[in-house]
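Now for the letters of each chain:
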Number of protein chains: 2
Amino acid sequence: MNALPPVLARDLSALLGDGWLADPSERLAYAYDNSRREALPDAVALPTTREQVLALVRACRAQRVPVVARGRGTNTTGASVPIAGGVVVSFERMDRILDIRPGDRCAVVEPGVLNGELQAALQPHRLFWPPDPTSAAFSTVGGNLACNAGGPRAVKYGASRDNVLALTAVTGAGELIHCGTATTKGATGYDLHRLLVGSEGTLALIVEATLRLVPAPNARRAVRAIYRDVSSAAQAVARLMAQPVTPSMLEFMDAHAVRLARDVGGAELPMDAGALLMIEADGDADTLPHAIEALMRAADGEGLVALDDAADEAAREQLWAARKALSPALRTIAPGKINEDVVVPVSRIPQLVDGVQLLAREFALPIVCFGHAGNGNLHVNLLFDPADGAQRERADAALARVFALTLSLGGTLSGEHGIGLAKREYMPQALTPPTLALMRQLKSVFDPDGILNPGKLLPP
Amino acid sequence: MNALPPVLARDLSALLGDGWLADPSERLAYAYDNSRREALPDAVALPTTREQVLALVRACRAQRVPVVARGRGTNTTGASVPIAGGVVVSFERMDRILDIRPGDRCAVVEPGVLNGELQAALQPHRLFWPPDPTSAAFSTVGGNLACNAGGPRAVKYGASRDNVLALTAVTGAGELIHCGTATTKGATGYDLHRLLVGSEGTLALIVEATLRLVPAPNARRAVRAIYRDVSSAAQAVARLMAQPVTPSMLEFMDAHAVRLARDVGGAELPMDAGALLMIEADGDADTLPHAIEALMRAADGEGLVALDDAADEAAREQLWAARKALSPALRTIAPGKINEDVVVPVSRIPQLVDGVQLLAREFALPIVCFGHAGNGNLHVNLLFDPADGAQRERADAALARVFALTLSLGGTLSGEHGIGLAKREYMPQALTPPTLALMRQLKSVFDPDGILNPGKLLPP
């Protein structure tokens, strides 16, 4: 049964032709995202042009029907789940790379292009777009922008917000706006395009993006550093970030993660490893050895147990094996996992990891920390059995304490996943009332009737 | 004579004590900026705390009295000239560096600290804050943020907006807001702090800034490349920006600028120089030679006349002499100068420079172009005699055409100076009506009564 006003359904069906899905079995594919939350939309639109998006938003606004933008639903926060019903706008048919301009270091794309497809198209030009979420192969650029997606490379190259030059978008008021220009500098009025990045489809629907590209390095090399304890590793992170060679990746694993990678994942790691850093540099054949040398010098210090560098690609892959063994290994401990991506200032990593382990003991749940140490962006994985109601409750209670701890350390709720449904109830702890009130007012400027992705990002 | 409501003047004078200037001779020092525009404020406030700023804005709002934030008035657009009278808030007494946190690569400062003082304080930590406007020695961090100031280093390190992590600010509604966190990643709600950067005091008054710092390179080295013509130089810029070693500066001078630097400034430059690039790399002693080699390889190509690299600091200074001779040399041609800072995509530099020379002929005025080629950000200097009314009119007419040309090339009005009074009438050409309307609505959310820096940035 379709809850849309019949006149709207008829008009939009006429507008979109076969790009209009009303059948429940078809709609089901657009009901969920990687948060495992689910809510059936009343219809699904598959526009092919910005004009269609504009007409669609105006028509939905006239009827006060929710509009929920969707890339490929790889996000983990419920941000693309249509909890209030309405129309899901999937950008899967707006997936063209419109222009690649190597001299201007930019590419112009439609929102539905996959991150991985874009990277492949950029390769012959020896350029890349920095955001590299784990989902890159099957997540869209539009979705990456909506969530301000990052990834390990962000430590050197920034996240999505740092790598967008201009956006064309349709606001919730049904206006087409053009923000920014295809230039790396701009001081012409308010910065609207970076405001849209990370707004999770609550302000506007992106219909075109001009992306900042970066020259691809010719080579990369990895170093693995093992430390006695987290505090030694964190001090090494601070040393690494204070010298002039910025690593292209700087990944951290706590003792729990190291043990899992060794015992379950089969990675070769010493028994006394209390923490591990994977450090990577990129560049060219001439400069890379010097960069690696500088990073190894910075990694060396109090508490270092072992320092290995990978002379070739095979050795590099072997070093990374520990990190890659981790996610599958997590599943062997417990079927349920809450994977949060809190951020703290780099110097506070030890307090975060120690505090999390105290919480693990207090709530009698395994908690494994690993992630992007150079940005202070740690994935805190709370493991539990969803079938066990008491465990589920303890996990939720522990999660609230993880956020409180993070905020008390001067950090924030999310580094790259976003807020969505999952974290919106914690927003009042992260932001002061006037700041939150201002965000709500901005939302009503872009979306006066509150039709865009209702119930997300801002707390109830 | 003081136009402020007497009750307001009395209350603010009581609030601020000797930080309240009402005497006309004292107010005169706060009437102008580097645009040479001038308007006397009704009073000047020199707050020392955020609480004073908050109380001041609330009191002014109650009486609908304008509030104009001021750093040191080095901006060139009239952005800090109080054209509607009211209270100028000078941050000269809020000039403390509150914290330098090397491990977190950030510094916390009050808005009135001078850029140059901050850089000096960071030096022992071997860190720096990237924005390097020409005025760095005597401009404030708050002013740099308000204008999104850049400088030559932006090609590698970004401008102000790219180098701020968090802001505390007082909105025109009289609310204290906290935006961002002291972390290099964040996906927690809307990005308010980058929205405030470049808003020229029209949305809020910044009372504290957490700045992103970058490790200082140990060494730098410069290369000077001379080309037959602008097109050859622009192609070299595109080649330089397409390879993996990003220069730390990439400055351009057109034939006019080269001739001036040689004939008036006394720089040693060949007669057949049609364009010049100053290319600088930074890094450490190990990697710098390789970086310079890569840059020289990229600089070499069609139309190259001469390529010199500076082996030591003295030679580097000598190469830069041509660029430094330029500004004084400009003054010898004509007493009047309109210095704009348009931006175009890098590949469009030849069209911009050629088009500007056509305008120079059409309007019979010398126009000299130089600037930050790696960002496509060129300073277009229209030279004229202000005493000659016809010349002044031709300069204004030519300027309008320079902006139209820039916009037709996909560029924008300003790269680093901002809009202020000088360019606000051109905003409707740069932005579509719905985009401009949205900016106005955002302004009224932050500043419902329009008391913050009225008459700036947005067109009448």
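Counting of residues starts from 1 at the beginning of each chain's written sequence and follows it residue by residue. Following the order in which they are written, the chains are lettered starting with A and the ligands numbered starting with 1. Predicted model: local features are reported for residues with pLDDT of at least 70 only, side-chain atom pairs are reported and counted for 80 or more only, and whole-chain, interface and lining totals are derived from all residues. Computation of side-chain values: all heavy atoms of the structure, hydrogens and water removed.

**Looking at the nonpolar core**
Note the following rule: To qualify as a nonpolar core, a set must consist of buried Ala, Val, Leu, Ile, Met, Phe, Trp, Tyr and Cys residues joined through side-chain atoms within 4.5 Å. Note on exposure labels: buried denotes an accessible area under 20% of the residue type's maximum, exposed denotes more than 50%, and partly exposed covers the range between, all computed with a 1.4 Å probe on protein chains only. Note on contacts: a residue pair qualifies if any of its non-hydrogen atoms lie within 4.5 Å across the two residues.
If you look at the biggest cluster of nonpolar residues, it comprises 178 residues, and the most contacted ones within it are Leu145(A), Leu277(A), Leu145(B) and Leu277(B). When sequence neighbours within four positions are dropped, the list of residues in contact with Leu145(B) reads Trp129(B), Ser160(B), Val164(B), Leu167(B), Val197(B), Gly198(B), Ile206(B), Ala209(B) and Leu211(B).

**Examining the side chain of Ser90(A)**
The line we're drawing: For helices the rule is a DSSP run of H or I covering at least 4 residues; for strands it is a run of E covering at least 2, with both sets numbered from the N terminus onward. As used in this structure description, the phrase polar contact means that two N or O atoms lie within 3.5 Å; if the pair is within protein, one of them must be able to donate a hydrogen and the other to accept it, and residues adjacent in sequence are counted only when both atoms belong to side chains.
Turning to its location among the elements, Ser90(A) is positioned in strand S4 (residues 87-90). A polar atom in the side chain of Ser90(A) sits 2.6 Å from the side chain of Glu92(A).

**Some thoughts on the environment of Thr406(B)**
Residue and element names in this part refer to chain B. Inspection of the secondary structure puts Thr 406 in helix H13 (residues 389-408). Judged by relative accessible area, which is 1%, Thr 406 ranks as buried. Through-space distance from the C-alpha of Thr 406 to that of Ala 430 is 9.5 Å; in sequence the pair is 24 residues apart. In this structure, Thr 406 is in contact with Val 342, Val 343, Val 344, Leu 352, Gly 411 and Thr 412, ignoring residues within four places of it in sequence.

**Considerations on the UniProt feature "domain: FAD-binding PCMH-type" (unreviewed entry) in chain A**
Short version of the rule: UniProt positions are given in the numbering used here, feature names are shortened, and annotations may be inferred rather than shown by experiment.
The sites that UniProt annotates as "domain: FAD-binding PCMH-type" (unreviewed entry) are residues 37-216 of chain A. For the annotated span residues 37-216 of chain A, helix accounts for 21% and strand for 26% of the residues, and the straight-line distance between the end C-alpha atoms is 37 Å.

**What to know about the interface of chain B and chain A**
Here is the rule we go by: Accessible surface is computed with a 1.4 Å probe, and the buried area is the amount of it that two parts give up when combined, taken over both parts together. A carboxyl oxygen of Asp or Glu within 4 Å of a side-chain nitrogen of Lys or Arg is what we treat as a salt bridge. Note on residue categories: nonpolar means Ala, Val, Leu, Ile, Met, Phe, Trp, Tyr, Cys or Pro, charged means Asp, Glu, Lys or Arg, and polar means any other residue, Gly included.
Listed per partner, the contact involves 84 residues of chain B and 84 residues of chain A. Across the chain B/chain A interface, buried area totals approximately 6700 Å², and carbon plus sulfur atoms make up 59% of it. Counting every contact that joins chain B to chain A gives 6 salt bridges. With a shortest N-O distance of 3.1 Å, Asp191(A) and Arg161(B) are connected by a salt bridge. Connecting chain B to chain A are 30 residue pairs in polar contact (both at pLDDT 80 or more). Breaking the side of chain B that touches chain A down by element, the ones donating at least two residues are strand S9 (176-180), helix H7 (192-196), helix H8 (230-242), helix H14 (427-430) and helix H15 (433-446) of chain B. A per-element tally of the side of chain B that touches chain A places H15(B) first, with 9 residues. Per-class residue counts for the side of chain B that touches chain A are 35 nonpolar, 34 polar and 15 charged.

**So, the domain arrangement of chain A**
Residue and element names in this part refer to chain A. Where we set the bar: For the domains described, the bounds stem from an automatic or database domain assignment.
Along its sequence, chain A is carved into domain 1 (6-90), domain 2 (97-215), domain 3 (218-331) and domain 4 (334-443). Here domain 2 and domain 4 have C-alpha centroids that lie 27 Å from each other. Carbon and sulfur atoms supply 48% of the area buried between domain 2 and domain 4, which totals about 750 Å² over both sides. Contact with domain 4 buries surface across domain 2, with Val 155, Glu 200 and Thr 202 losing the most and accounting together for 41% of the total.

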